[in-house]
Amino acid sequence: MSSATAPSPTTNAPTPAAAGPAVAVAPAWWRGLSAWFVAAMLFAGLFAPLLANDVPLVARVGGAWSFPAFADLVGAAPVGPGDLSWKQWWAQLPSDADDFAWMPPWPYGPNEVDPLRYRLGPCLAHPFGNDDTGRDVLARVVHGASTVAELALPAVLLGMLVGTLLGAWAGYRRGVVEVLVLRTVELFLCFPTLLFLLFAAAFLGNSRQWCVLVMAAMFWTSFARIVRGAVLSLRERDFVLVARGLGQSEWRILTHHLLPQVASQVGVTAAFCLAAAVVAESTLSFLGIGPRGSLASWGAMLRQGNEQIVLGVWHSWFFPAMAIVVFVMACHTLAERLRRHAEEVAG
């Protein structure tokens, strides 16, 4: 999988005669919705135990207060009262009891098994159906978004930090610094992202931390190339020369004058890299070598659904596949929206 790059904004838009063949543009409603969809997936990934779970958000048991879903968010949920699960205890509560439970918006957990709903299709109670073990597919899709917030986003942010700083330093200082950064970028670009991830999984293990570091190591090159090119075009502008003449330090010139000018290019690249990270993680999970420690992954759900295709269980793979496709489309549309905004500002 190649590293994502984004075109730099231009100051002069091409005339219709020189614009070349028309390029399909996403509908206006989808361009406006894409940012909200990406934000919603990140929110769902961060707070999945509070959105879809089989333990209550707040419970009052024998006069004592408990917050099982919040405990699950930061660690592990406590066991249910007595010999019952939280769901069983909640179902048996009489309407006039002093004890009560406030369940999450979707009261099904990603690992909650319903033996009466093996491989059953979508219905009103389970809009996405149940998988081959009776687990609710919608709850698993919601928890699958945790890979976006806990793996893809940290990898992109780390790669953005390293690549932006190195690219800006190389573009501003030139000379030996630029040569070293460019040669390092070329070295990393020799390895396709997926091949590099497979190599890292084989030798470093499939922990979440290693996966984040390896993805960041592949994505920083995209930011470095984009930022270097932008800084090269800005380093001799009047505002930079004035700041330099006033005796400002190189670090202040970079952070206060140059980097704010390339924020739009960095945002476009980040959106592309976020989509690439989700695809890479889903591919690894589909192959069975994805990061451990997650309750559900869209790629792992695809692998499980692929094994059930011959039985006609279409919903086990369809909904996680749609989650991946729509999220990637939303990231690309968001990148295009940021690029157009940058062109409007520059023009």
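Nothing here was measured: the structure is a model prediction, and the numbers come from that model.

### Section: the sheet that holds strand S3 (residues 100-102)
What the 3 strands build is an open sheet, ordered S2-S1-S3; its pairing is antiparallel. Both edges of this open sheet fall to strand S2 (64-66) and S3, since each of them pairs with a single strand only. Across the sheet, the axes of successive neighbouring strands diverge by a mean angle of 15 degrees, strand direction being ignored. Strand direction decides the pairing type here: strand S1 (residues 58-61) and S2, joined by 3 bridges, are antiparallel. Residue Arg60 lies in a different strand from S2, and its bridge partner there is Trp65.

### A short note on helix H8 (residues 193-204)
Helix length check: H8, at 12 residues, gives a terminal C-alpha distance of 16 Å against a target of 16 Å (1.5 Å per residue), a fit within 8%. Residues of H8 that are buried include every one of Thr193, Phe196, Leu197 and Ala200, and no others. The buried residues of H8 occupy one face: seen down the axis, they fall within an arc of 100 degrees. Pointing more than 90 degrees away from the buried face of H8 are the exposed residues Leu195, Ala202 and Phe203. Buried-residue contacts for H8 involve helix H9 (208-234) and helix H12 (263-286). Downstream of H8 by one or two residues, Gly205 has phi in the positive range, about 90 degrees.

### Comments concerning the nonpolar core
Core analysis: the largest hydrophobic core is formed by 62 residues, its most contacted members being Val156, Met215, Leu258, Trp298 and Phe327. Setting aside chain neighbours within four positions, we find Trp298 in contact with Met41, Val141, Gly144, Ala145, Val148, Val278, Ser282, Pro320, Ala323, Ile324 and Phe327. Grouped together as the second largest cluster of nonpolar side chains are 9 residues, Leu57, Val58, Trp89 and Ala101 included.

### Some thoughts on the environment of Asp114
Mapped onto the elements of the fold, Asp114 is located in the loop between S3 and helix H5 (137-144). When residues no more than four places from it in sequence are discounted, the contact partners of Asp114 are Thr133 and Gly134.

### Section: empty space enclosed by the protein
For the structure shown, the criterion picks out 2 cavities of 30 Å³ or more. Forming the boundary of the largest cavity are 13 residues, of which Leu197, Ala201, Gly205, Asn206 and Cys211 lie nearest the centre. Breaking the lining of the largest cavity down by element, the ones donating at least two residues are H8 and H9. Residues that form the lining of the largest cavity fall into these classes: 9 nonpolar, 4 polar and no charged. Volume-wise, the second largest cavity comes out at about 70 Å³. If you trace the second largest cavity, you find it lined by Asp131, Asp132, Val137, Arg140, Met301, Gln304, Gly305, Gln308 and Ser316. Per-element accounting of the lining of the second largest cavity gives the leading share, 3 residues, to helix H13 (residues 298-306). Partitioning the lining of the second largest cavity into residue classes produces 2 nonpolar, 4 polar and 3 charged.

### Details of unusual backbone geometry
Phi at Arg119 is positive, roughly 60 degrees, even though this residue is not glycine. Take Arg119: it is sitting in the loop between S3 and H5. Phi at Arg174 takes a positive value of approximately 55 degrees, unusual for a residue other than glycine. Along the chain, the position of Arg174 falls in the loop between helix H6 (146-173) and helix H7 (175-189). Overall, the relative accessible area of 37% leaves Arg174 in the partly exposed class.

### Quick word on the confidence of the model for the protein
Predicted coordinates in areas of low pLDDT are best not read in detail. For the protein, the average pLDDT comes to 84, and 89% of its residues sit at 70 or higher. Overall, residues 1-23 carries pLDDT values under 50, and its contacts beyond four positions in sequence, including any with other chains, amount to 34 contacts.

### So, the environment of Arg225
When you line up the elements, Arg225 lands in helix H9. In this structure the C-alpha to C-alpha distance between Arg225 and Ala170, which are 55 residues apart in sequence, comes to 9.6 Å.

### Some thoughts on the packing of aromatic side chains
The geometry of two aromatic rings is summed up by the distance between their centres and the angle between their planes. Across all of its chains, the model carries 13 aromatic pairs by this definition. Geometrically, the ring pair formed by Phe43 and Phe47 is tilted, given 5.0 Å between the ring centres and 45 degrees between the ring planes. Residue classification places Phe43 among the partly exposed positions, given a relative accessible area of 47%. Judged by its relative accessible area of 31%, Phe47 is partly exposed. A ring pair is formed by Trp314 and Phe319, whose centres lie 5.8 Å apart and whose planes are at 40 degrees; its orientation type is tilted. Judged by relative accessible area, Trp314 falls into the partly exposed class, the value being 41%. Since its relative accessible area comes to 15%, Phe319 is described here as buried. Ring pairing ties together the aromatic residues Phe128, Trp314, Trp317, Phe318 and Phe319, which thus form one cluster.

Cut-offs applied
Residues numbered from 1 in each chain as written. Predicted model: local features only at pLDDT ≥ 70, side-chain atom pairs only at ≥ 80, totals over all residues. Heavy atoms only, no water. Pairing = 2+ DSSP bridges. Helix = DSSP H or I, 4+ residues; strand = E, 2+ residues; numbered from the N terminus. Axes fitted to C-alpha atoms, helices over the stretch in contact; angles between N-to-C directions. Expected span 1.5 Å × (residues − 1). Buried < 20%, exposed > 50% of the residue type's maximum accessible area, 1.4 Å probe, protein only. Arc of directions from axis to C-beta. Contact = heavy atoms within 4.5 Å. Core = buried A, V, L, I, M, F, W, Y, C linked by side-chain atoms within 4.5 Å. 1 Å grid on protein atoms, 1.4 Å probe; cavity = no way out; pocket = protein on both sides within 12 Å on 5 of 7 lines; lining within 4 Å. Points joined across faces, edges and corners; volume = space filled by probe spheres on them. Nonpolar A, V, L, I, M, F, W, Y, C, P; charged D, E, K, R; others polar. pLDDT = per-residue confidence, 0-100. Phe/Tyr/Trp six-rings, centres within 6.5 Å; stacked < 30°, edge-to-face > 60°.

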